[in-house]
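Breakdown of the fold
Spelled out, the chains give:
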Amino acid sequence: MLTVITTHHIMTDPEFSTSYTPPFRIHVIGFGKRIEPAIAKASDLGYDEVASYMSDKRPNIIPGEKDIMAIICVDDNESEALQLSKTFYDANVLTLVVTTKHLQGDSFDSMTEVRLEDVPVVVKSLLDPLFMQGKICFDFNDMSTCLRNSGCFFIEEAISTKKDGRLEDAINQFKVPVLDKRFDAAEFAVLIIYHNPDMEPPLAMREIVSLNEYLSSMPENIDLFWAIFRDDKMSANEIRISTMISGKKLDPSIKK
């Protein structure tokens with residue numbers, strides 16, 4: 001049966017801070033000239049504990065005690081990228097490869113193969129849940145459960161500004177519908193809703209119906225995590241939905 005999981009962190013204080021400095025470090029590392037704008041966008045997110053840089057700017061990278069995750073973004077120099085990913089992977093750092101190339105190997109926890117323009121979206125979707133706050137959260141332990149030694153993953157994100165039916169509109173934008181047979185290979189699924197704290201208009205109960213239908217249509221073998229985060233940088237009329245699935249039998253080029 002479909003298992004729905006909500007993390008144990010429930011935020012009840014309406015005045016909680018939307019930014020903080022957690023005691024860990026995450027690396028976002030780029031390989032290839034064309035990937036440089038994506039690395040710059042990761043840096044622009046402003047997360048203090050995220051080190052975003054091109055591989056040629058920091059030779060002899062060695063994982064440290066505070067390192068918990070490395071996102072290796074690859075558009076060139078694939079052999080060097082896989083060597084570096086192995087360094088993090090062997091150090092028990094959650095190692096994720098976001099690549100525009102078809103790569104093979106076992107030197108990482110999970111990999112996704114995407115178009116160049118999608119790299120910033122994937123990186124942002126991996127980072128945001130670890131730093132933002134919400135009523136129901138998705139933390140690093142949850143992410144590690146979904147992605148550690150999972151083989152492959154893919155992420156999709158959609159934004160809706162419709163006055164009515166925003167959740168349904170965002171869900172309908174996904175390129176890989178939940179009923180697609182490729183979902184059958186997934187072991188974990190994550191759905192995260194982002195909204196401005198002053199969202200206008202507020203979500204109506206009829207909008208929640210489409211979300212329930214989407215979740216209930218997932219294959220029964222999937223363990224599902226879901227969360228709701230507030231994002232002060234979003235417009236008041238926006239709803240953003242991020243979804244992720246992972247599994248050893250997934251096709252890494254599923255989004256292409």
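Criteria and thresholds
Residues numbered from 1 in each chain as written. Predicted model: local features only at pLDDT ≥ 70, side-chain atom pairs only at ≥ 80, totals over all residues. Heavy atoms only, no water. Helix = DSSP H or I, 4+ residues; strand = E, 2+ residues; numbered from the N terminus. Buried < 20%, exposed > 50% of the residue type's maximum accessible area, 1.4 Å probe, protein only. Contact = heavy atoms within 4.5 Å. Areas by Shrake-Rupley, 256 points an atom, 1.4 Å probe, with all protein chains shown as cover. Pairing = 2+ DSSP bridges. Right-handed = clockwise from strand over helix to strand, strands pointing away. Core = buried A, V, L, I, M, F, W, Y, C linked by side-chain atoms within 4.5 Å. Expected span 1.5 Å × (residues − 1). Arc of directions from axis to C-beta. Phe/Tyr/Trp six-rings, centres within 6.5 Å; stacked < 30°, edge-to-face > 60°.

1. Comments concerning the overall build of the chain
- In terms of helices and strands, the chain carries 6 helices and 10 strands.
- By the burial criterion, 55% of the 256 residues in the chain qualify as buried.
- Long-range contacts, defined as pairs at least 24 residues apart, comprise 80% of the intrachain contacts of the chain with a sequence gap of at least 6.
- When the accessible area of the chain is evaluated, it comes to approximately 12,100 Å², of which 50% is carbon and sulfur surface.

2. As for the pairing of strand β4 (residues 67-74)
- Extensive coverage of β4 is indicated by the burial of 8 of its 8 residues.
- When strand β2 (residues 25-31) meets β4, the two strands line up parallel, connected through 7 bridges. When the bridges of β4 are listed, Ile 26 appears paired with Met 69.
- In this structure, β4 lies alongside strand β5 (residues 94-99), joined through 6 bridges in parallel fashion. The residue bridging Ile 71 from the neighbouring strand is Leu 96, located in β5.
- Considered for its hand, the β-α-β crossover made up of β4, helix α2 (residues 78-90) and β5 is right-handed.

3. Details of the nonpolar core
- In terms of nonpolar packing, the biggest core is built from 44 residues, with Met 69, Leu 126 and Leu 127 touching the most fellow members.
- Residue contributions to this core peak at 7 residues, all from helix α3 (residues 119-131).
- Core analysis: the second largest hydrophobic core is formed by 23 residues, Leu 167, Ala 170, Met 218 and Ile 239 among them.

4. Some points on helix α6 (residues 205-216)
- Across its 12 residues, α6 extends 17 Å between first and last C-alpha, which sits within 8% of the 16 Å expected from 1.5 Å per residue.
- Burial in α6 covers these residues: Glu 207, Ser 210, Leu 211, Tyr 214 and Leu 215. Relative to the axis of α6, the buried residues are bounded by an arc of 135° and lie together on one face. Exposed and oriented more than 90 degrees from the buried face of α6 are Met 205, Arg 206, Glu 213 and Ser 216.
- Each element contacted by the buried residues of α6 is listed here: α5 (166-172), β8 (188-195), β9 (223-230) and β10 (239-247).

5. Things to note about unusual backbone geometry
- Omega for the bond connecting Glu 200 with Pro 201 falls within 30 degrees of zero, at -5°, which places this linkage in the cis form.
- Relative to the elements of secondary structure, Pro 201 occurs in the loop between β8 and α6.
- Within the chain, Asn 92 stands out as a residue other than glycine whose phi angle is a positive 65°.
- Here Asn 92 is to be found in the loop between α2 and β5.
- Note on Asn 92: relative accessible area 57%, which makes it exposed.

6. A look at the packing of aromatic side chains
- In this structure the tally under the stated criterion is 6 aromatic pairs.
- On the numbers, 5.8 Å between centres and 80° between planes, the contact of Phe 138 with Phe 225 is edge-to-face. Placement of Phe 138 in the loop between α3 and α4 (140-147) and of Phe 225 in strand β9 is noted, with a sequence separation of 87 residues between them.
- In this structure Phe 225 comes out as buried when scored by relative accessible area, which is 4%.
- Between Phe 174 and Tyr 214, the aromatic rings sit 6.1 Å apart at their centres with planes inclined by 50°, giving tilted as the arrangement.

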